[in-house]
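# Breakdown of the fold
For reference, the chains in residue letters:
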Amino acid sequence: MGNSHGTQVSDEERRRYIRQMDAQMNQRFGRTSKHAVKVVVRGERETGKTTLTKLLSGGVFDPKYTQSKPGEVETVTVQWGAGPGEDVSLSMVAVAEIDTRKQAEEQGGASLKISHEEKNRFSRSKKTLQDAMAKHYEGCQGVIVMVDPGKEWTFSHAKDILECIPENLEILLIANFKDQEQSWVTPRDAMLAHVAGTGRHVHFCECCLANMYGMPAVEAFLHICLWAIKTREYEELLDKSDEDMLEALKAGRTIAKEQDYSAYPFKLSILDSSPADLGGPSMQAAVEPKNLGG
């Protein structure tokens, strides 16, 4: 019975048919979302900015440290499979910043006392850096700020960075080198307290790039940036829908108000029309019961 006498299909043929069917279904119903996400990666030297972009672009961890030139900007763009039907172009802009805070602390000696002139010079340098970074934030959805908790000045610089990031951007503060937590001088609670006190969309995670610990949290942040784009698109679509709805309501009211049946050229009276005039079967045939007997 049924398919018992049908042609036997091998497993390979069955898999091939399924693949063909999947391709046909995807072609008919699949909807690929095209988005471009831009993330700026900032932080002091030796905090892992270049390594992070390398891992996110499919590379492997290199234990050999290669210092980026101060002021150098590296942009890496990859195709990110954010989910089924999600084709996302992910651009990561890693900025090799001049560690001015570290230099100032070294010049101040063990007491970290900085002269008034040095403070003014540092303020001017920070202002110059802020102006230079403004262009990198254009078209950006998120900023990742890297910290080495084993070096206090990297967290101090991160706090300066957080103050200058535009209000509309998502932020992820990454405490790198989780495998060296025993040597951290900036405790986790201190970083969490600062994040909580910013009053902004600042997220926090710990990671160890050497063994990929914490990378799922980084990818979750990228999804947040992607949803920020989608939310803006939905809001724009909703605004457009509201405008279209108002236009439709206005048009409906106008048409209803201006209608005049006495001037309508195609008035019909069903009592005065023959079946042929109505364009269908005769009224008698339409209402006559059919013989359902054999």
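I will try to describe carefully the structure that is included in this document. Because the structure is predicted, anything quoted here is derived from the model rather than measured. (Residues numbered from 1 in each chain as written. Predicted model: local features only at pLDDT ≥ 70, side-chain atom pairs only at ≥ 80, totals over all residues. Heavy atoms only, no water.)

This brings us to a nonpolar patch on the surface. A surface patch of nonpolar side chains, amounting to about 300 Å² of accessible area, comprises Met245, Leu246 and Leu249. Locating Leu246 in the fold gives a position in helix H7 (residues 215-258). Given the relative accessible area of 57%, Leu246 is considered exposed. (Patch = residues over 30% accessible without salt bridge, like charges linked within 9 Å, V, L, I, M, F, W, Y side chains within 5 Å. Areas by Shrake-Rupley, 256 points an atom, 1.4 Å probe, with all protein chains shown as cover. Salt bridge = Lys/Arg side-chain N within 4 Å of Asp/Glu carboxyl O. Helix = DSSP H or I, 4+ residues; strand = E, 2+ residues; numbered from the N terminus. Buried < 20%, exposed > 50% of the residue type's maximum accessible area, 1.4 Å probe, protein only.)

Counting through the fold element by element, His157 comes out in helix H5 (residues 152-164). Accessibility expressed as a relative area gives 5% for His157, which makes it buried. In this structure, the C-alpha to C-alpha distance between His157 and Val147, residues 10 residues apart in sequence, is 8.7 Å.

The next point concerns a negative patch on the surface. A surface patch of negative charge is lined by Glu233, Glu235, Glu236, Asp239, Asp242, Glu243 and Glu247. As for its position among the elements, Asp239 is in helix H7. By relative accessible area, Asp239 is classed as partly exposed at 46%. (Lys, Arg positive; Asp, Glu negative; His and termini not counted. Charge placed at Lys NZ, Arg CZ, Asp CG, Glu CD.)

Under the definition given, this model contains 0 aromatic pairs. Looking at Lys230, its charged tip hangs above the ring of Trp227, at a distance of 4.5 Å from the centre. (Phe/Tyr/Trp six-rings, centres within 6.5 Å; stacked < 30°, edge-to-face > 60°. Lys NZ or Arg CZ within 6 Å of the ring centre and 35° of its normal.)

Tracing the chain through its elements places Glu97 in the loop between strand S3 (86-95) and helix H3 (100-108). Given the relative accessible area of 2%, Glu97 is considered buried. Taking C-alpha positions, Glu97 is 7.7 Å from Arg42, a pair spaced 55 residues apart along the chain.

Moving on: the pattern of salt bridges. Applying the stated criterion across every chain yields a total of 8 salt bridges. One salt bridge in this structure joins Lys151 and Glu46, with 3.0 Å as the shortest N-O distance. On the criterion of sequence distance, the pair formed by Lys151 in the loop between strand S4 (142-147) and H5 and Glu46 in the loop between strand S1 (33-43) and helix H2 (49-56) is long-range, its members being 105 residues apart. The partly exposed category is assigned to Lys151, whose relative accessible area is 23%. Take Glu46: its relative accessible area is 31%, and that puts it in the partly exposed class. Where Lys178 meets Glu206, a salt bridge forms, and the shortest distance between an N and an O atom there is 3.1 Å. Linking Lys178 in the loop between strand S5 (170-175) and helix H6 (188-197) with Glu206 in strand S6 (residues 202-206), this pair joins segments that are 28 residues apart in sequence. Given a relative accessible area of 11%, Glu206 falls into the buried group. Put simply, Lys178, Glu181, Arg188 and Glu206 are held in one network by salt bridges that share partners.

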